[in-house]
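Remarks on the overall topology
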Amino acid sequence: MKLGIIGLPQSGKTTIYNALTRGNTPTTASAGRIEVHNAVVDVPDPRVTKLSGMFNPRKTIYAKVTYADIAGLEAGSAKSGISGQLLNQLNQMDGLILVVRGFTDENVMHPSGSIDPMRDADSMLTELLLNDLIAVERKLEKLIEERKKGGTDKTLNARQTELFEKLNKTLSDNKPLRSMEFTNDEHRELASFGLLTRKPILTVFNMGEGQTAPDTQGKLDHPSVALMGKLEMEIAQLSAEDAAVFMEEYGIKELSLSRMINLSYDLLQVQTFFTVGEDEVRAWTTKRGATAQESAGEIHTDLSRGFVRAEVVAYEDLISLGSMNEAKAKGKFRLEGKEYPVKDGDIMHVRSSL
């Protein structure tokens, strides 16, 4: 999973990035330059720890998520066209995290001169939508020109024209493309066009201590969360013992890292399955609803191509019974075929002919 953190200048994007990654990237403004900072973070999962304790493997590997702090997106960017460099960075992301400023700080001026989280959220969402509308209109113009010149694949032109006219209608109605349903073929068709509102998005309201999150009821078409970015960044950089004291003092039950990971999984509609053994206990990420054969491909493409069957036991069954042998004795260890829909927490061993 790769999630891009975007937002207006002075919104605290890098502060949120540091809180999520336990990093110390400077939070000073980038003066209009396009800068990207990446960090790969282990997905905190107590199930991995529990399985590691049971099998005592040589290696324990958690699932990973990459966060990218992307600077350079400002109000009005889309009207002149978001730069190719920035668009390229955004296109690489599986989803976007939009950071919106809610905190007040006399030393950090807001570009608009006042704090209004819902105004800023709407401004950034409009930028993304306008970028897509411009790109779709340009594509439709190009398709018309191709038809006039002739010599092009008429079937392809007609199919793309129909698809992009539907996109244009949705965007013109001020709706993001993620509100539409696409076939697998349409997803493949659109993969190279850099349409940002197709990507799932999570809005993070970056609040100050003691501030109340804005009311988003009926105002956003996607999930949102409020957190105290500066405080959580400071806690994330402390030792575990000191962090526990601070969290208790401020009544923080869970750091943003864990909460945002969970929200990110929901956002991208992914889940976790495990492989276990003496050599390695490892968490893998797969799409919700993925089959055993598709999930085997997350481990190695050869396992998917040569898939024979999967040996599966649910995490809860294994833990409650205490061992793999006991799970087999109680009938909780199953052989499943390639179409078996993998469930969150499944422990799977794939048998392959390759």
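I will try to describe carefully the structure that is included in this document. Everything numeric in this text was worked out from a predicted model, so none of it was measured. Each chain carries its own residue numbering, running from 1 in the direction its sequence is written. A pLDDT threshold of at least 70 governs which residues receive local features in this predicted model, and a stricter bar of 80 or more applies before side-chain atom pairs are shown or counted, although totals over entire chains, interfaces and linings include all residues. The side-chain quantities take in all heavy atoms of the structure and omit both hydrogens and water.

What follows covers a nonpolar patch on the surface. Where nonpolar side chains cluster on the molecular surface, the patch consists of L238, F246 and Y250 and spans about 230 Å² of accessible area. Position of Y250 relative to the elements: it lies in helix α8 (residues 240-250). Here a patch means residues that are over 30% exposed by relative accessible area and free of salt bridges, tied together within 9 Å if like-charged and within 5 Å if nonpolar (Val, Leu, Ile, Met, Phe, Trp, Tyr). Only the protein chains shown count as covering a residue, and every accessible area follows the Shrake-Rupley method with a 1.4 Å probe. Definition used for salt bridges: Asp or Glu carboxyl oxygen within 4 Å of a side-chain nitrogen of Lys or Arg. Every helix listed is a DSSP run of H or I at least four residues long, and every strand listed is a run of E at least two residues long, numbered separately from the N terminus.

What follows concerns the sheet that holds strand β7 (residues 224-227). The strand order across the open sheet formed by six strands is β2-β4-β1-β5-β6-β7, and the pairing between neighbours is mixed. The open sheet terminates on both sides in strands that have one partner only, identified here as β2 (36-42) and β7. Between one strand and the next, the sheet's axes are offset by a mean angle of 25°, whatever the strand orientation. One bridge is not enough; two strands pair if DSSP finds at least two bridges between them. Relative to strand β6 (residues 201-206), strand β5 (residues 95-101) runs parallel, the two being bridged by six bridges. Bridge pairing in β6 links L96 to I201. In this analysis, two residues are considered to be in contact whenever any of their non-hydrogen atoms come within 4.5 Å of each other. Fitting a line to C-alpha atoms yields each axis, with helices limited to the stretch in contact; the angle taken between N-to-C directions then spans 0 to 180 degrees. Lying over the sheet, helix α4 (residues 117-149) contacts β1 (2-7), β5 and β6, oriented at roughly 145° with respect to β5.

Below, the discussion takes up the environment of L128. As for its placement among the helices and strands, L128 is situated in helix α4. Considering only alpha carbons, one finds L128 and V245, 117 residues apart in sequence, at a separation of 41 Å. Excluding anything up to four places from it in sequence, L128 contacts I6, L73, L96, L196, T197 and I201.

Interaxial distance between helix α1 (residues 13-21) and helix α7 (residues 229-236) falls to 8 Å at its minimum, and their mutual angle equals 35°. For the element pair α1 and α7, the recorded crossing hand is left-handed. The residues of α7 that touch α1, namely those facing T15, I16, N18 and A19, are G229, K230, E232, M233 and A236. Residues that form the contact of α1 with α7 fall into these classes: four nonpolar, three polar and two charged. Crossings are sorted by hand: turned counterclockwise from the far helix by less than a right angle, the near helix makes the crossing left-handed, and turned clockwise it makes it right-handed. Residue classes follow a fixed rule: Ala, Val, Leu, Ile, Met, Phe, Trp, Tyr, Cys and Pro count as nonpolar, while Asp, Glu, Lys and Arg count as charged, and any other residue, Gly among them, counts as polar.

In this analysis, rings of Phe, Tyr and Trp, with Trp reduced to its six-membered ring, are considered paired at centre separations within 6.5 Å, and the interplanar angle assigns stacked below 30 degrees, edge-to-face beyond 60, and tilted for intermediate values. Going through the model one piece at a time under the given rule, you end up with two aromatic pairs. Note on F274 and Y315: the rings are 6.3 Å apart at their centroids and 45° apart in plane angle, and the pair reads as tilted. Of the two residues, F274 sits in strand β8 (residues 270-275) while Y315 sits in helix α12 (residues 315-321), which places them 41 residues apart along the sequence. Judged by its relative accessible area of 0%, F274 falls in the buried class. Three exposure classes are used, based on accessible area relative to the maximum for each residue type with a 1.4 Å probe and protein chains only: buried under 20%, partly exposed in between, and exposed over 50%.

This part covers the side chain of S52. Inspection of the secondary structure assignment puts S52 in helix α2 (residues 46-55). Residue S52 is classed as buried on the basis of its relative accessible area, which comes to 18%. When residues no more than four places from it in sequence are discounted, the contact partners of S52 are P57, T60 and V281.

Before going further, it helps to spend a moment on α2. Of all the residues in α2, the buried ones are R47, V48, L51, S52 and F55. In an axial view of α2, the angular spread of the buried residues amounts to 135°, which keeps them on one side of the axis. Of the residues in α2, the exposed ones pointing more than 90 degrees away from the buried face are P46 and G53. If you follow the buried residues of α2, they end up packed against β3 (59-61), β8, β9 (280-287), α12, α13 (324-329) and β12 (346-352). Working definition: the arc comes from the directions between the helix axis and the C-beta atoms, pointing outward to the latter.

This part is about empty space enclosed by the protein. Cavity means a closed set of points on a 1 Å grid over the protein atoms alone, one where a 1.4 Å probe fits but cannot get out, pocket means an open set with protein on both sides within 12 Å along at least 5 of 7 lines, and lining means a residue has an atom within 4 Å of a point. Grid points are joined across faces, edges and corners, and a volume is the space filled by probe spheres set on the points. Taken as a whole and assessed by the stated rule, the structure comprises one cavity of 30 Å³ or more. By volume, the largest cavity is sized at about 40 Å³. Every residue lining the largest cavity is listed: L8, P9, S11, V99, V100, R101, H110, D120 and M124. Sorting the residues of the lining of the largest cavity by element identifies β5 and α4 as the ones contributing at least two each. In terms of residue count, β5 provides more of the lining of the largest cavity than any other element does, three residues in total. Tallied by class, the residues present in the lining of the largest cavity amount to five nonpolar, two polar and two charged.

Further remarks concern the environment of A314. Inspection of the secondary structure puts A314 in strand β10 (residues 307-314). A relative accessible area of 16% means that A314 is categorised as buried. For the pair formed by A314 and P111, sequence separation is 203 residues and the distance between their alpha carbons is 51 Å. With residues near it in sequence (within four places) discarded, A314 still touches R334, G345 and D346.

Phi is positive for Q10, close to 65°, though the residue is something other than glycine. Locating Q10 in the fold gives a position in the loop between β1 and α1. Positioned with a positive phi, Q269 is a non-glycine residue whose angle comes to about 55°. With a relative accessible area of 42%, Q269 lands in the partly exposed category.

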